[in-house]
Amino acid sequence: MATSEGFLTDEQREMLKTASQNAENFLSSSPKGLFPSPLFSDHHLKVPAAGKSGTAGIAVRHVRRSHSGKHVRVKKVFVLYSIISDGGGGKGTWGKLLDTDGESHIDRNDPNYDSGEEPYQLVGATISDPLDDYKKAVVSIIEEYFSTGDVEVAASDLRELGSSNYHLYFIKRLVSMAMDRHDKEKEMASVLLSALYADVISPSQIRDGFVILLESADDLAVDILDAVDILALFVARAVVDDILPPAFLTRAKKALPESSKGFQVLQTTEKNYLSAPHHAELVERRWGGSTHITVEEVKKKIADLLREYVESGDAIEACRCIRELGVSFFHHEVVKRALVLAMEIRTAEPLILKLLKEASEEGLISSSQMAKGFARLEESLDDLALDIPCAKSLFQSLIPKAISEGWLDASFMKSSGEDGQAQAEDEKVKRFKEEVVTIIHEYFLSDDIPELIRSLEDLGMPEFNPIFLKKLITLAMDRKNREKEMASVLLSALHIEIFSTEDIVNGFIMLLESAEDTALDILDASNELALFLARAVIDDVLVPLNLEDIGSKLQPNCSGSETVRMARSLIAARHAGERLLRCWGGGTGWAVEDAKDKILKLLEEYESGGVLGEACQCIRDLGMPFFNHEVVKKALVMAMEKKNDRMLDLLQVCFNEGLITINQMTKGFTRIKDGMDDLALDIPNAEEKFNFYVECAQKKGWLLASFGSSVGDGSSKAVAAT
């Protein structure tokens, strides 16, 4: 119990006295220096008297300043003797006489506690990564979409999230999450991708998103056993839904190792899904379909409800039917088909405009879907014009009506490029396209190159030569190898007759700029375009430097640029000439060098006393009419070397029989003219002889009179050089 002299009990005082005496005895008997005397003399334990500060029993705390300037209190606890028998050093022994804590222990319940005494702590702050934040945010958007199935809300949330440059990661996360779920979520993911295409996510980001999916296929396969098949089905579905071009498969294959799962995915897509009969319907129904109807069935329903509306005039019922379709992301198809119907049935135009206006005012068809519908129709006007001749002018008349009534954004007027001069130019181009389609079809039937050239000259529109080239190759690509071979042969003839190199370069640029659109209709468009380009180089229609010019005028990462690179690779390959001359099945399957060797032998045999008829038959048996310019070239060179004009008799007979056309004659003479400098090194009077042959050919009708002026220019240059 505490007394008036202090707060310690009598028992505690006795214990303290005993401990002090024992400590003094220990210190006096200890070696000097073990416990310096000032240790206790400077720091006496004091027992406060009653009424003093309530710190009795607490060891005095001394404050010292560290090198850092911070106050640090060091608490020293003196335990002089272990009262408890098993403490410290054990029973009957000394315990820990002195225990000085190396660290400061601060009691926040201590009345003398000061928060400033707390040791400093470095707290690591997490730096926010925008991409990580985006990935976390889209997970919640996807989860919510899988729960509600609301496409519009998902599109709106993604739009509000911003960070559009990260949308490719949204595609990866959406598909990878759906792959590990049921067919319902897989179908929902495909539907959402189709809805977001172009409106929220750009086509290039769609492609990039699938690329990173393919690159991560090996990782996905670790967690999802049938990842290859599921991802292949997603790719096939994207192609069927027109959000990936078929050419994507070819390009992606080149970027992936053949041993990777991503490469297996693309192979599975091609073999198991896109090559199967009725593959579109099978792919669309594979996961059951969110509405259990295919895209074609939706289009049919839209067409039916629009025709019913034209007959009944009930806009309310039509809007209800559109709403019940439940495909708000596909309303651009409603707009497109409605406008086409207004063009087909002129009396239906007021009703169609009324329906679209009401659908817009009710918010049934959004402004973005409305603009997308107009844009899609504008892109297909050329094809539509084949069925509706005045489609272009009708479409242009609808735009200002829609803008004035407020259901089409005024900015669309600028993109449509409507003015009087542009309309007149468009009409001229349209007429030219209609005419050349007929001319090309006739050529594919008759194989009559001179007739085609006459027809083009009669049109009198040489400024549209690049358009003709684009139309020729596009039509040939959608046909068999026979027509493709005919197109390549025709290009060679046109280059000699009426097409400049610039015309051909510009035509290929137009083709390559629209390569991605072409790929939607022609599966192997990229490869075939590369073959046409490479074949043009082999046929001397273009030179390799022209490919550089074409590539420089295309976007760096577009499909057209990839096609140009592919053409360069084809040309650089071993035996490129042989393979490219036979790429469409043309010729007899001989190598170019073999053909040249056969031509040389038959000419030598004829020159040594052969018969004209037999020589002509040998030329005919070669079966390479597009290569007869080589016969002309070698015959002229041989005539110069042998100083024997007998070869001219052979060329005359070949021309009279139609075996060698004026086009091939011109090309053969042109090749001699181009190589005149080298030829003159071996044949000193080569230029004089060549001019004589040109005059002879012009008199006999093998060459056009215009060829003489160009030769004269070349000859004068050669003379000046010598």
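Structural data are supplied above this passage.
Worth saying up front: this structure is predicted, and the values here are computed from it rather than measured. (Residues numbered from 1 in each chain as written. Predicted model: local features only at pLDDT ≥ 70, side-chain atom pairs only at ≥ 80, totals over all residues. Heavy atoms only, no water.)

Colleague: What should I look at first to understand the overall build of the chain in this one?
Modeller: Of regular secondary structure, the chain possesses 38 helices and four strands. Across the 722 residues of the chain, 42% fall into the buried class. Taking as baseline every contact in the chain between residues at least 6 positions apart, the subset at least 24 positions apart corresponds to 71%. Counting every atom, the chain has about 38100 Å² of accessible surface; 51% of that belongs to carbon and sulfur. (Helix = DSSP H or I, 4+ residues; strand = E, 2+ residues; numbered from the N terminus. Buried < 20%, exposed > 50% of the residue type's maximum accessible area, 1.4 Å probe, protein only. Contact = heavy atoms within 4.5 Å. Areas by Shrake-Rupley, 256 points an atom, 1.4 Å probe, with all protein chains shown as cover.)

Colleague: Sorry if this is basic, but what is going on with the pattern of salt bridges here?
Modeller: Side chains that differ in sign of charge can pair as their charged atoms come close. Per the stated rule, a full pass over the model turns up 27 salt bridges. A salt bridge links K401 to E349; the shortest N-O distance between them is 2.5 Å. In this pair, K401 is assigned in helix α19 (residues 391–404) and E349 in helix α16 (residues 349–361), connecting sequence segments 52 residues apart. Its relative accessible area of 35% is what places K401 among the partly exposed residues. With a closest N to O distance of 2.9 Å, R535 and D539 form a salt bridge. The network of salt bridges with shared partners includes D540, E630, K634 and R671. (Salt bridge = Lys/Arg side-chain N within 4 Å of Asp/Glu carboxyl O.)

Colleague: Got a minute to help me understand the nonpolar core in this structure?
Modeller: Nonpolar side chains in soluble globular proteins generally cluster together in the buried interior. One finds F468, I473, F508, L533, L542 and I550 to be the most contacted residues of the largest nonpolar core, which totals 62 residues. Looking at this core element by element, the count peaks at nine residues for helix α27 (residues 525–538). In contact with L542, not counting residues within four places along its chain, are T501, I504, V505, F508, L533, A536, V537 and I550. Core analysis: the second largest hydrophobic core is formed by 57 residues, F146, A155, A221 and Y273 among them. (Core = buried A, V, L, I, M, F, W, Y, C linked by side-chain atoms within 4.5 Å.)

Colleague: Honestly, the packing of aromatic side chains in this entry has me stumped. Any pointers?
Modeller: The relation between two aromatic rings is expressed through the spacing of the ring centres and the mutual angle of the planes. Considering all chains together, one arrives at eleven aromatic pairs under this definition. Judged by centre distance (6.0 Å) and plane angle (40°), the rings of Y145 and F146 are tilted. There is no split in this pair, since Y145 and F146 are both buried. These aromatic residues form a ring-pair network of at least three members: Y134, Y166 and Y169. Sitting over the face of the ring of F263, K253 holds its NZ or CZ atom 5.6 Å from the ring centroid. One Lys or Arg, R646, reaches over the ring of Y606 and ends 4.6 Å from the middle of that ring. (Phe/Tyr/Trp six-rings, centres within 6.5 Å; stacked < 30°, edge-to-face > 60°. Lys NZ or Arg CZ within 6 Å of the ring centre and 35° of its normal.)

So, to be careful, I would describe these as geometric facts and stop short of saying anything about function.
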